[in-house]
Amino acid sequence: MTIRILITLFFVALILYSPWWMVLFGVTLGAFYFKNYYEIIILGVVFDLLYGAQSGFMAGYGIIGVVGAFVVFVIIEKIKKELR
């Protein structure tokens, strides 16, 4: 459990200091490594709160991070079921 919390804090640091593709790669690995890694959705919310677009999709609310995190979560969970 401690490792999971430390990895999540590491991903928060990635969100703050790294490009988006490093964050995507990291949380994808985290979702693959941990069982039911729901923190990915919370990390998507944090990403959107920091860097979300103010215009366009959904009347000005940038929700690309949350939608992307949810899609990654669902895809990784399906892949894990197939591999077991």
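Residues numbered from 1 in each chain as written. Predicted model: local features only at pLDDT ≥ 70, side-chain atom pairs only at ≥ 80, totals over all residues. Heavy atoms only, no water.

Visitor: I would appreciate a short explanation of the nonpolar core in the present structure.
Guide: In globular proteins that are soluble, nonpolar side chains generally tend to be buried together. In terms of nonpolar packing, the biggest core is built from 14 residues, with Phe 11, Val 23, Val 27, Ala 31, Tyr 37, Ile 40 and Leu 43 touching the most fellow members. Of all the secondary-structure elements, those providing two or more residues to this core are helix 1 (2-17), helix 2 (20-33), helix 3 (39-51) and helix 5 (64-83). At 4 residues, helix 5 tops the list of elements feeding residues into this core. Among all residues touching Tyr 37, those that are not within four sequence positions of it are Arg 4, Ile 7, Thr 8, Phe 11, Gly 30, Ala 31, Leu 43, Phe 73 and Glu 77. (Core = buried A, V, L, I, M, F, W, Y, C linked by side-chain atoms within 4.5 Å. Buried < 20%, exposed > 50% of the residue type's maximum accessible area, 1.4 Å probe, protein only. Helix = DSSP H or I, 4+ residues; strand = E, 2+ residues; numbered from the N terminus. Contact = heavy atoms within 4.5 Å.)

Visitor: How should I be thinking about the layout of surface pockets in this particular structure?
Guide: Regions of empty space are outlined by a rolling probe, equal in size to a water molecule, passed over the atoms. Looking at the largest pocket, its volume works out to about 330 Å³. Lining of the largest pocket is provided by 17 residues; of these, Leu 24, Phe 47, Ile 64, Gly 65 and Ala 69 occupy positions nearest its centre. Elements with a contribution of two residues or more to the lining of the largest pocket: helix 2, helix 3 and helix 5. Counting residues per element, the lining of the largest pocket draws most heavily on helix 3, at 6 residues. The class makeup of the residues in the lining of the largest pocket is 12 nonpolar, 4 polar and 1 charged. (1 Å grid on protein atoms, 1.4 Å probe; cavity = no way out; pocket = protein on both sides within 12 Å on 5 of 7 lines; lining within 4 Å. Points joined across faces, edges and corners; volume = space filled by probe spheres on them. Nonpolar A, V, L, I, M, F, W, Y, C, P; charged D, E, K, R; others polar.)

Visitor: I tried to follow a positive patch on the surface on my own but got confused; where do I start?
Guide: There is a patch of like positive charges on the surface, built from Lys 35, Lys 78, Lys 81 and Arg 84. We classify Lys 81 as exposed; its relative accessible area is 64%. (Patch = residues over 30% accessible without salt bridge, like charges linked within 9 Å, V, L, I, M, F, W, Y side chains within 5 Å. Areas by Shrake-Rupley, 256 points an atom, 1.4 Å probe, with all protein chains shown as cover. Salt bridge = Lys/Arg side-chain N within 4 Å of Asp/Glu carboxyl O. Lys, Arg positive; Asp, Glu negative; His and termini not counted. Charge placed at Lys NZ, Arg CZ, Asp CG, Glu CD.)

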